[in-house]
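Single-letter residue listing:
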Amino acid sequence: MSTAEHRRSPSGFNLVPPPGWDVIPLRTGTKEAMDRVVRKAVAQLPVGFPKDDIPKARLKLTQEMKKVVRRASAKGGMTLYLPTERLHGIALPVSIVASEPIEIPRVRPDSGPEAVLAALASVSPGAETRELDDTAALRSERDVPADAAQGVEVAHRRVEYFVPVPDSVPDQYVTFSFSALVAPGSDPAFHDALVELFDAVMGTFRWSYA
């Protein structure tokens, strides 16, 4: 990549999801992607599943998909990544949302994104700096308890990467949020493994200058 390319802001990014995952764009083409995911889920129904119940199952899957997409869009999501194939017979209760870039003023006129990341790290328990495609990013992880009053129906493990967009003017940042539902009595090691999977996915992150 030339020096000139390094000096201009990237036009987007590339992220490689694990095998068996689907990508749902939340700007355009959302309905088509949702239909594809639902068709794939229906095709994976167990052998012997009553044919008369398939329309009902399809409707329920569609409603669940709409709910997930609506939630992601409401949080400024631009791309949703979902597992659509079972892993060893288990449907993974996880999702990844890449959010629209947001603008954040500099801490000081002469400071850069590093100062913003440091300020956020100081108020984010468990936050640490990681590097993604030669860009310093902030990673945080926490357990979110169920709280109906706050709209949190199910407890979940949340991991976020907060990434400054290089050479953006004004300064912009994108967020990648991973969420894994935590069922009562579930093994914490299982959720640790899911977090490791997300960290591995973020290791594939690359800026796009197309």
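Preceding this section is the structure that the text describes.
To keep things clear, this report deals only with the structure shown in the data block.

Criteria and thresholds
- Residues numbered from 1 in each chain as written.
- Predicted model: local features only at pLDDT ≥ 70, side-chain atom pairs only at ≥ 80, totals over all residues.
- Heavy atoms only, no water.
- Phe/Tyr/Trp six-rings, centres within 6.5 Å; stacked < 30°, edge-to-face > 60°.
- Helix = DSSP H or I, 4+ residues; strand = E, 2+ residues; numbered from the N terminus.
- Buried < 20%, exposed > 50% of the residue type's maximum accessible area, 1.4 Å probe, protein only.
- Pairing = 2+ DSSP bridges.

1. As for the packing of aromatic side chains
Right, so step 1: Scanning the model with the defined rule gives seven aromatic pairs in all.
Right, so step 2: A centroid spacing of 5.0 Å and a plane angle of 5° characterise the contact between Phe162 and Tyr173, whose relative ring orientation is stacked. Here Phe162 is found in strand 8 (residues 156-164), whereas its partner Tyr173 is found in strand 9 (residues 172-181), with eleven residues between them in sequence.
Right, so step 3: Judged by relative accessible area, Phe162 falls into the buried class, the value being 12%.
Right, so step 4: Take Tyr173: its relative accessible area is 0%, and that puts it in the buried class.
Right, so step 5: Seen in terms of ring centroids, Phe176 and Phe205 are 5.5 Å apart; in terms of plane orientation they differ by 80°. Their pairing is edge-to-face. Here the residue Phe176 occupies a position in strand 9, and Phe205 occupies one in the loop between helix 5 (188-202) and strand 10 (206-208), the gap between them amounting to 29 residues.
Right, so step 6: Overall, Phe205 belongs to the buried group, its relative accessible area being 0%.
Right, so step 7: One aromatic cluster in this structure is built from Phe13, Phe176, Phe205 and Trp207.

2. Some details on the pairing of strand 8
Right, so step 1: For strand 8, the buried fraction is high: eight of the nine residues fall into the buried class.
Right, so step 2: Relative to strand 8, strand 7 (residues 135-144) is paired through seven bridges, and the arrangement is antiparallel. Looking at strand 8, one finds that Glu141 is bridged to Val159.
Right, so step 3: The sheet contact formed by strand 8 and strand 9 spans nine bridges and is antiparallel.

Note that every value here comes from positions in space, so none of it alone points to a role or purpose.
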